[in-house]
Amino acid sequence: MDTKTQSQNLTPTLIQKAHTLIKPHIHRTPVLTNKTLNTLASTPQTPSSLGDTPSENQSPASPKFHFFFKCENLQRIGAFKARGAFHALLRLIETRGEDEVRRRGVITHSSGNHAQALALAAKTLNVPAYIVMPRISTVSKIEGTKSYGAKVIFSGSTSTEREAVVAEVQTQTDAILVPPYDDFNIICGQGTTGLELDEQYRELVTRDPELSVHDGSWGLDAVITPVGGGGLNSGVATWFSDKETKVFGAEPSFEGADDCRRGLEAGERVTSVKTLTVADGLRTPVGVLNWEVISDKEKVAGVFAVSEEQIKAALRLVLERMKVVVEPSAVVGLAVCLFNEDFRRIVEREGGEEGWDVGIVFSGGNTTVEAIGKLFS
C-alpha cells in the first residue's frame, strides 16, 4: 500500500480504536491553563523585538489567546512517544503472533524519547529490544532506555547514520523494525494525544466557561504541536480532520531544522536534516507518510518556525510561570504563539476581538537540571 493510500486510510475512528487498545498502558495526562501566559501571548510584541525580521516595519499583531496545555511531559517515560510505541508493538503482536515477535525482538532508532518508549513497551510485553541512539543523545535518555532492559547501540546523529546501524543490527538479529515516527500504527497511537486533549478541553470549559474565549461548545479553535518526524502532528491532525479545529505545526529554524515548513513552501518533502538545535527531539526530517498528512491543507493549516532564543524564552516562561518541567522541543509550539508574527496575524485576523482557544502539546519533559542550567548559563 503506497503512502498516499495509507494517509487516506488514517481516520478518527482508528485513533479511537488505538486509544481503547493502549489505554491500560498509558497515562491520561492533564491539561493545564495559565492566565499569565494568556496575557503575555495576547500582548503585542514591541517594535524593537521585530527588528531584523520580515515584520520589522509592520505594526505588531494583537491576537487574543487562551491556552490549554496538554502535558505529555507527564506521560510514561516523560513523552507522548509511549502512545505510539505501545500501539505499534501491540498491533505487531496481533498480526505476527507473540512467539515470532518475542523470538525476533524489535529494533528502532531514536534520539531518546521513542527509544525509551519502545524499551518500556517491549519490557512490559516481554519482547527483546535493540535501540540505536545517536552518541550525542541526552545522557538521561540513554540511561532511561537502558533501565528498561533494552540493548543500546550507538550511531551518528543524522537519520541516515542511524538507519545504517539499524540495518546492520537487523542483519545480525533479524529484529523487526518499529519506526520512530513514519509508520501507520505509530501515527494512530500518537493521535490519541489529540483525542484526549479534545475531550479534556470540553470537560474544562463545561465546568468553567470563563477558561474559554467563547463558550467553547464546539471545541478548540486550534491545536499546535512540535514537528520532528511528524508522527505527533499527523496523528493529531487525523483526529481533528472531521472537526472545525485547525491544526498547526511548530519547528526550530536553526540550521535548517524547519524542514517541514521549507518543504511546504517548496512543494516537496525535504529528505535530510543536519542540525544541532536545542530542540533535540526535532532534529529529524518529516517522514514520508507523515508528509502526506501534513502537506494536506485540509488537515494541517500551516507550519511555523522560531529561533533558538525564542525557544529558550518560551522554556523559561514555562519553568518559571507554570512551574512545569519540559524539554526545549516541548515549547516550540508556545514559542510560535508568543513570537511568530505570521502565526499571530492569523489568530488576530481569524479570531477577531474574541480570539482563539489554542491547545498546545507539551511533547516531553526528558531533560536534566544540568542541561537546563547550560541553556541559561
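Each chain carries its own residue numbering, running from 1 in the written order of its sequence. Selection of residues for local features in this predicted model requires a pLDDT of at least 70, selection of side-chain atom pairs for listing and counting requires 80 or more, and totals for whole chains, interfaces and linings are taken over all residues. In computing side-chain values, all of the structure's heavy atoms are included and hydrogens and water are not.

### Notes on the pairing of strand 3 (residues 106-109)
Stage number 1. Throughout, exposure labels follow a simple rule: accessible area from a 1.4 Å probe, protein chains only, divided by the maximum for the residue type, with under 20% read as buried, over 50% as exposed, and the rest as partly exposed. The way it works is that DSSP assigns letters per residue, a run of H or I at least four long becomes a helix, a run of E at least two long becomes a strand, and they are numbered from the N terminus. Along strand 3, one buried face is formed by Val106 and Thr108 and the opposite face, lined by Ile107 and His109, is buried too.
Stage number 2. Pairing between strands is defined by DSSP: at least two bridges between them are needed. Of the strand pairs in this sheet, strand 3 and strand 4 (residues 129-134) are connected by 4 bridges, and their pairing is parallel. Within the sheet, the bridge partner assigned to His109 lies in strand 4 and is Val132.
Stage number 3. A clockwise path from the first strand over the helix to the second, with the strands pointing away from the viewer, defines a right-handed crossover. Tracing the backbone out of strand 3, into helix 6 (residues 113-124) and back to the parallel element strand 4 gives a crossover that is right-handed.
Stage number 4. Sheet analysis places strand 3 next to strand 6 (residues 176-177), joined by 2 bridges and oriented parallel. Within strand 6, the residue paired with Ile107 across the bridge is Leu177.

### Quick notes on the pattern of salt bridges
Two side chains carrying opposite charge are able to pair once their charged atoms lie near each other.
Stage number 1. By definition here, a salt bridge exists when the distance from a side-chain nitrogen of Lys or Arg to a carboxyl oxygen of Asp or Glu is within 4 Å. The full count for this structure, using the stated rule, is 23 salt bridges.
Stage number 2. One salt bridge in this structure joins Lys141 and Glu327, with 3.1 Å as the shortest N-O distance. Of this pair, Lys141 sits in helix 7 (residues 139-147) while Glu327 is found in the loop between helix 13 (308-322) and helix 14 (332-339), placing the two residues 186 residues apart along the sequence. Here Lys141 matches Glu327 in class, with each residue buried.
Stage number 3. The shortest N-O distance in the salt bridge between Glu320 and Arg316 comes to 3.1 Å. With Glu320 and Arg316 both in helix 13, this residue pair falls 4 residues apart, about one helical turn.
Stage number 4. Residue classification places Glu320 among the partly exposed positions, given a relative accessible area of 42%.
Stage number 5. Exposure remark for Arg316: the relative accessible area of 37% places this residue in the partly exposed category.
Stage number 6. Put simply, Lys70, Glu72, Arg83 and Glu196 are held in one network by salt bridges that share partners.

### Comments concerning the domain arrangement of the protein chain
Stage number 1. Boundaries of every domain are those given by an automatic assignment or by a domain database. For the protein chain, the assigned domains read domain 1 (12-78 + 183-375) and domain 2 (80-177).
Stage number 2. Centre-to-centre separation of domain 1 and domain 2, based on C-alpha positions: 26 Å.
Stage number 3. Residues are treated as being in contact if the distance between any of their heavy atoms lies within 4.5 Å. Between domain 1 and domain 2, the residue contacts involve 36 residues of the former and 27 residues of the latter.
Stage number 4. Accessible area, probed at 1.4 Å, shrinks when two parts are joined; the buried area is that loss added up over both. Carbon and sulfur atoms supply 61% of the area that domain 1 and domain 2 bury against each other, a total of about 2,600 Å² over both sides.
Stage number 5. Two residues, Lys141 and Asp280, come together in a salt bridge whose shortest N-O distance is 3.1 Å.
Stage number 6. Any pair of N or O atoms that falls within 3.5 Å is considered a polar contact. Within protein, one atom must be able to donate a hydrogen and the other to accept it, and sequence-neighbouring residues count only if both atoms are side-chain atoms. Inspection of the domain 1/domain 2 interface yields 11 residue pairs in polar contact (both at pLDDT 80 or more).
Stage number 7. Secondary-structure elements contributing two or more residues to the side of domain 1 that touches domain 2 are helix 2 (12-22) and helix 9 (184-207).

### A look at helix 9
Stage number 1. Take the residue count of a helix, subtract one, and multiply by 1.5 Å to get its expected span. Here helix 9 contains 24 residues, and its C-alpha end-to-end distance of 36 Å stays within 8% of the 34 Å for a straight helix at 1.5 Å per residue.
Stage number 2. Counting buried positions along helix 9 gives 18 out of 24 residues, so the element sits mostly inside the fold.
Stage number 3. Where helix 9 starts, the residue carrying a side-chain oxygen 3.0 Å from the main-chain nitrogen of Asn185 turns out to be Asp183.

### Things to note about the packing of aromatic side chains
Aromatic ring pairs are reported here in terms of the distance separating the ring centres and the angle at which the planes meet.
Stage number 1. Each Phe, Tyr or Trp ring, with Trp reduced to its six-membered ring, pairs with another whose centre is within 6.5 Å; inter-plane angles below 30 degrees give stacked pairs, above 60 give edge-to-face pairs, and intermediate values give tilted ones. According to the stated counting rule, one finds 9 aromatic pairs in the structure shown.
Stage number 2. An angle of 65° between the planes, with centres 5.4 Å apart, marks the rings of Phe304 and Phe343 as edge-to-face. A residue pair is termed long-range when its members are at least 10 positions apart, and Phe304 in strand 9 (residues 302-306) and Phe343 in helix 15 (residues 341-351) qualify at 39 residues.
Stage number 3. Connected via pairs of aromatic rings, a cluster forms that spans Phe65, Phe67, Phe69, Phe248, Phe304, Phe343, Trp356 and Phe362.
Stage number 4. Counting as a charge over the ring demands two things of the Lys NZ or Arg CZ atom: a distance within 6 Å of the ring centre and an angle within 35 degrees of the ring normal. Residue placement shows Lys243 over the ring face of Trp239; its charged tip is 4.0 Å from the ring centre.

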